[in-house]
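Topology and contacts: notes
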Amino acid sequence: MSTINIKQFQEIIGFTALSKKKRINLPIFVWGHHGVGKTTIVSAVAERIKYNYVALNLANQSPEELLGLPYIDREKKVTEYMKPVWLRNDSDRPTVYFLDEINRAPKYVLQAIFSFVNEGRIHTHFIKDEDIIIAAGNPANLDYDVTEFNDEAFNSRFIHLYLEPDDVEVFKYFNEKKVHSTLIEMMKENHELLANSAVKDSDMIKVKVDNRALERVGHILNLFEEKPRYTKSIGYEIIAGMIGDGYAATVMDKFNNQSRIPEPYDLFDGNLDIKNTFTDDRI
């Protein structure tokens, strides 16, 4: 799992919106200390990309609230489920669904929300293809009361990221909020006051590789080829959030160093666009 700043997080959300158009399901799990700005950033990005924004605090919601109540369809003679009020699949705009404090939710709530993360489905009700799911949680250390979060089948559905705003982003935020300059100067002199400091190894979830993650990485690499600007800015961070740092480094090294030297027969057969061939930064 990689550490990202606010700018990268915004970029990753935008990339996720793009990936949905290619039918690639990439739920995001953003980890970070309380007060670091996870909720604020997600809602702001949703507004910027003109998405609806629905926030669910899973720490204090019941399965009934999430899933909708059952009722009997007497004509069909079957039990159906009412659509939950928070599900915005009848909106004209796509939606960002933000599952806040997910690792403080009881395990039976996590089980209730599993199909929503995995398939975008609540019983027979589906979200739109372009809708985005983002979960957020606090690191499992002594400062937080969290649910044990070791379900590998659940974890493997996400891109795991650790949000740590850099100092410039923190001070920009306080300036935008018109915080008095005295406090800003004090924070610059006392960095330990900033909530974005020092991520520990114990805070990081251990991302494990499975076939599902590898398949999605393959699809993401195809999308990187179409949109190469994402490769440099957030490519490694996305891949590391799915298969871990070590494998991500190997994948991105191979991807970035693919040979672009044309085959001789392409030149002789006239199939080579010479103008657009030598685009490698190393040439």
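Every value quoted in this text rests on a predicted model; they were computed, and no experiment measured them.

Topic: the packing of aromatic side chains
- Scanning the entire structure with this criterion turns up eleven aromatic pairs.
- Note on phenylalanine 114 and phenylalanine 154: the rings are 5.7 Å apart at their centroids and 35 degrees apart in plane angle, and the pair reads as tilted. Of this pair, phenylalanine 114 sits in helix α4 (residues 107-119) while phenylalanine 154 sits in helix α5 (residues 152-155), and the two are 40 residues apart along the sequence.
- Among the aromatic residues, those joined into a cluster by ring pairs are Phe29, Trp31, Phe114, Phe154 and Phe158.
- A cation sits over an aromatic face here: arginine 229 above tyrosine 230, 4.2 Å from the ring centre.

With respect to the confidence of the model for the protein chain
- Per-residue pLDDT for the protein chain has a mean of 80; in total, 82% of the residues score no lower than 70.
- This model gives residues 272-283 a pLDDT under 50, and the stretch forms 15 contacts once residues within four places in sequence are excluded.

So, the packing of helix α6 (residues 167-176) against helix α7 (residues 181-189)
- Packing of α6 against α7 leaves a shortest axis separation of 11 Å and a crossing angle of 170 degrees. Accordingly, the angle class assigned to the pair α6 and α7 is roughly antiparallel. Of the residues in α7, those touching α6 at Phe171, Phe174 and Asn175 are Ile184, Met187 and Lys188.

Overview of a nonpolar patch on the surface
- Where nonpolar side chains cluster on the molecular surface, the patch consists of Leu69, Tyr71 and Met82 and spans about 300 Å² of accessible area.
- Structurally, the position occupied by tyrosine 71 is in strand β4 (residues 70-73).
- Relative accessible area serves as the criterion here: at 37%, tyrosine 71 is assigned to the partly exposed category.

Brief notes about the sheet that holds strand β2 (residues 28-31)
- Spatially, the six strands line up as an open sheet ordered β1-β10-β2-β9-β6-β3, and their pairing is parallel. Taken across any chain shown, the strands that pair with only one partner, and hence form the sheet edges, are β1 (2-4) and β3 (52-57). Averaged over neighbouring strand pairs, the angle between their axes works out to 30 degrees when direction is ignored.
- Where β1 lies against strand β10 (residues 159-163), three bridges are found, and the strand directions are parallel.

Rules and cut-offs
- Once a new chain begins, its residue numbering starts again from 1 and follows that chain's sequence as written.
- Thresholds applied to this predicted model are a pLDDT of at least 70 for local features of residues and 80 or more for the giving and counting of side-chain atom pairs; totals over whole chains, interfaces and linings are not thresholded and use all residues.
- Where side-chain values are given, they derive from all heavy atoms of the structure, hydrogens and water being excluded.
- The aromatic pairing rule takes the rings of Phe, Tyr and Trp, using the six-membered ring of Trp, and pairs them if the centres are within 6.5 Å, calling planes under 30 degrees apart stacked, those over 60 edge-to-face and the rest tilted.
- Elements are defined by DSSP. Helices are runs of H or I of four residues or more, strands are runs of E of two residues or more, and each kind is numbered from the N terminus.
- Remark: a charge is flagged as sitting over a ring if the NZ atom of Lys or the CZ atom of Arg is within 6 Å of the ring centre and within 35 degrees of the ring normal.
- Scored from 0 to 100, pLDDT reflects the predictor's confidence in each residue.
- For this analysis, residues touch if any pair of their heavy atoms sits within 4.5 Å.
- In this analysis an axis means a line fitted to C-alpha atoms, helices contributing only their contacting stretch, and an angle means the value between N-to-C directions, from 0 to 180 degrees.
- In what follows, roughly perpendicular refers to angles from 65 to 115 degrees, roughly parallel to angles under 35, roughly antiparallel to angles over 145, and oblique to any angle outside these ranges.
- Patch definition: residues with relative accessible area over 30% and no salt bridge; like charges joined within 9 Å; nonpolar side chains (Val, Leu, Ile, Met, Phe, Trp, Tyr) joined within 5 Å.
- Here the accessible surface of atoms and residues is derived via Shrake-Rupley with a 1.4 Å probe, and residues count as covered only by protein chains that are part of the display.
- Any Lys or Arg side-chain nitrogen located within 4 Å of an Asp or Glu carboxyl oxygen qualifies as a salt bridge.
- Categorising residues by exposure relies on relative accessible area from a 1.4 Å probe, with only protein chains included: less than 20% of the type maximum marks a residue as buried, more than 50% marks it as exposed, and the intermediate range marks it as partly exposed.
- Note on pairing: DSSP must find at least two bridges between two strands before they are called paired.

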